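As a plain string of letters, each chain reads:
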Amino acid sequence: VIAESVRPTVIIGNWKMHKTIAESAAFVTSLAFVVRHSSTQVGLAVPYTMITAAADAARGALIAIGAQNVFDAEEGPYTGEISCRMLKDAGASFVIIGHSERRHLFHEDNAWINRKVKRALNDGLRVVLCIGETLEQHQTGKTHAVLHEQLTECLKDVGERQIESLIIAYEPVWAIGTNQTATPEIAQASHHFIRNEIAKKWGKPASERLIIQYGGSVKPENAAALLNEPDIDGLLVGGASLVLDAFVKIIQCHKIKTQSAT
Ligand code: 13P
């Protein structure tokens, strides 16, 4: 049986440390025109300096603007950090938390990520929580154990209602920026595992509504095959989201699929 998923498709671009204010506004203006009739939900996680310009350009369009990180305190003496209130004030509606580059380059651990997740959800930001195993963990068969640990620790004390504002992005570290995209089968297996873990803790209805994105070398050429998997509800796109034409092609991948039988 082929049926449209009950979950919307959610495609988010993660610009990382790229572009200028003027470039972001021009990009969003062009993108807004292209996605005006799209049923796919589209978001861009931009550098802090571009949030306001991008949000202004996205006003009235179906594009959510978000940030790539946030600090876990409400406010205070934290030189160089940024709060949820500041992000919302600037025009952000969501934030990426726990990206592998934050974990590995800036030493964010699961406990800290958990504090950030709780703060952002409490303060009314939608959260895209990134999890995923390293190449070594992948090759030694530890993927499920790693995902279990990351989910348990990063989502500790998160309530059932708050799960509604959460997106999980499965980003295998070995696939990020490497052109080594996970095969649809490998990604689907991890997504299925993640959904079952969420079902065990927050119940099946919550798990069936949860958006789980895949990230790691997503390109126009591989996006459709990934989205066709039953538990892949969206994509978190790095490099290809910097190029308007490539990002638009990814957004336009049509998805018809059955719900996973959990
Ligand atoms: P790439 O798409 O460039 O591999 O990056 C993926 C990513 O890290 C998105 O958050």
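Heads up: the structure comes first, above all this text.
Residues numbered from 1 in each chain as written. Predicted model: local features only at pLDDT ≥ 70, side-chain atom pairs only at ≥ 80, totals over all residues. Heavy atoms only, no water.

> Just give me the short version of the overall build of the protein chain, but keep the residues and values in it.
Within the protein chain one finds twelve helices and eight strands. A compact globule built from 262 residues should have a C-alpha radius of gyration of about 18 Å, and the protein chain, at 17 Å, falls within 12% of that. C-alpha atoms of the protein chain, sized along the principal axes, occupy 45 × 40 × 35 Å. By residue count, 51% of the 262 residues in the protein chain fall in the buried class. The long-range share in the protein chain, meaning contacts at least 24 apart out of those at least 6 apart in sequence, stands at 74%. For the protein chain, the exposed surface amounts to about 11,900 Å²; the carbon and sulfur share of it is 56%. Computed over 26 positive and 28 negative side-chain charges, the inter-centroid distance for the protein chain is 3 Å. (Helix = DSSP H or I, 4+ residues; strand = E, 2+ residues; numbered from the N terminus. Rg over C-alpha atoms; globule rule 2.2 N^0.38 Å. Buried < 20%, exposed > 50% of the residue type's maximum accessible area, 1.4 Å probe, protein only. Contact = heavy atoms within 4.5 Å. Areas by Shrake-Rupley, 256 points an atom, 1.4 Å probe, with all protein chains shown as cover. Lys, Arg positive; Asp, Glu negative; His and termini not counted. Charge placed at Lys NZ, Arg CZ, Asp CG, Glu CD.)

> How would you summarise the nonpolar core if you had to cite specific residues and measurements?
Residues Leu31, Ile65, Leu155, Tyr214 and Leu235 are the most contacted members of the largest nonpolar core, which totals 68 residues. Filtering out sequence-adjacent residues up to four positions away, Tyr214 remains in contact with Tyr170, Pro172, Ala175, Thr181, Ala182, Ala187, His191, Leu226, Ile232, Gly234, Leu235 and Leu236. Ranked by size, the runner-up nonpolar core spans eleven residues in total, among them Val10, Ala45, Ala169 and Ile211. (Core = buried A, V, L, I, M, F, W, Y, C linked by side-chain atoms within 4.5 Å.)

> Lay out the site of the ligand with the relevant residues and their values.
The ligand sits among 13 residues. The nearest are Lys16, His99, Gly177, Ser217 and Gly239. Here an oxygen atom of the ligand and a backbone polar atom of Ser217 are 2.8 Å apart. In this structure, Gly238 approaches the ligand through a main-chain N or O atom, which is 2.9 Å from an oxygen atom. Considering only residue class, the shell around the ligand consists of four nonpolar, seven polar and two charged. (Near = heavy atom within 4 Å. Polar contact = N/O pair within 3.5 Å; in protein donor to acceptor, adjacent residues only side chain to side chain. Nonpolar A, V, L, I, M, F, W, Y, C, P; charged D, E, K, R; others polar.)

> I'd like a rundown of the packing of aromatic side chains, residues and numbers included.
Taken as a whole and assessed by the stated rule, the structure comprises five aromatic pairs. Aromatic pair Trp15 and Phe27: ring centres 4.9 Å apart, planes at 85 degrees, arrangement edge-to-face. Here Phe27 lies in helix H1 (residues 21-34) and Trp15 lies in the loop between strand S1 (10-14) and H1, a separation of twelve residues in the sequence. For the pair formed by Trp15 and Phe27, the shared burial category is buried. Look at Phe27 and Phe247: their rings are 6.5 Å apart centre to centre, the planes differ by 40 degrees, and that puts the pair in the tilted class. Pair noted here: Phe27 is in helix H1 and Phe247 is in helix H12 (residues 244-251), with a separation of 220 residues, a long-range link. Three or more aromatic residues joined by ring pairs form one cluster here, namely Trp15, Phe27 and Phe247. Here the guanidinium or amino end of Lys19 rests over the ring plane of Trp15, the centre of that ring lying 5.2 Å away. Sitting over the face of the ring of Phe33, Arg36 holds its NZ or CZ atom 3.8 Å from the ring centroid. (Phe/Tyr/Trp six-rings, centres within 6.5 Å; stacked < 30°, edge-to-face > 60°. Lys NZ or Arg CZ within 6 Å of the ring centre and 35° of its normal.)

> An account of the sheet that holds strand S6 (residues 166-170) is requested, with residue identities and associated values reported.
The sheet built from eight strands closes into a barrel, its strands ordered S1-S2-S3-S4-S5-S6-S7-S8 with parallel pairing. Ignoring strand direction, the axes of neighbouring strands in this sheet form an average angle of 25 degrees. Here strand S2 (residues 41-45) runs beside strand S3 (residues 63-67); their pairing, made up of four bridges, is parallel. From the neighbouring strand, Val42 faces S3, where its bridge partner is Ile63. (Pairing = 2+ DSSP bridges. Axes fitted to C-alpha atoms, helices over the stretch in contact; angles between N-to-C directions.)

> Could you give an account of the side chain of Ser83, with specific residues and numbers?
Tracing the backbone through its elements, the reader meets Ser83 in the loop between S3 and helix H3 (84-90). On the accessibility criterion, Ser83 (5% relative accessible area) is buried. In this structure, Ser83 is in contact with Val70, Ala73 and Glu74, ignoring residues within four places of it in sequence.

> Residue-level account of the layout of surface pockets, with values.
What the largest pocket holds in volume is close to 460 Å³. Along its surface, the largest pocket is lined by 17 residues, and Lys16, Met17, Gln68, Arg102 and Phe106 are the ones closest to its centre. Broken down by element, the residue count for the lining of the largest pocket peaks at three residues, all from helix H4 (residues 100-105). Tallied by class, the residues present in the lining of the largest pocket amount to eight nonpolar, five polar and four charged. (1 Å grid on protein atoms, 1.4 Å probe; cavity = no way out; pocket = protein on both sides within 12 Å on 5 of 7 lines; lining within 4 Å. Points joined across faces, edges and corners; volume = space filled by probe spheres on them.)

> Before we move on, can you summarise the pairing of S1 with the specific residues and values?
The buried fraction of S1 amounts to five of the five residues, a majority that puts the element mostly inside the structure. Alternating positions in S1 separate into two faces, Val10, Ile12 and Asn14 on one and Ile11 and Gly13 on the other, with burial throughout. Each parallel crossover has a hand, and for S1 linked through H1 to S2 it is right-handed. Judged from the four bridges that link them, S1 and strand S8 (residues 234-237) form a sheet pairing that is parallel. Considered in S8, the bridge of Ile11 is made with Leu235. (Right-handed = clockwise from strand over helix to strand, strands pointing away.)

Nothing here speaks to function; it is all geometry.
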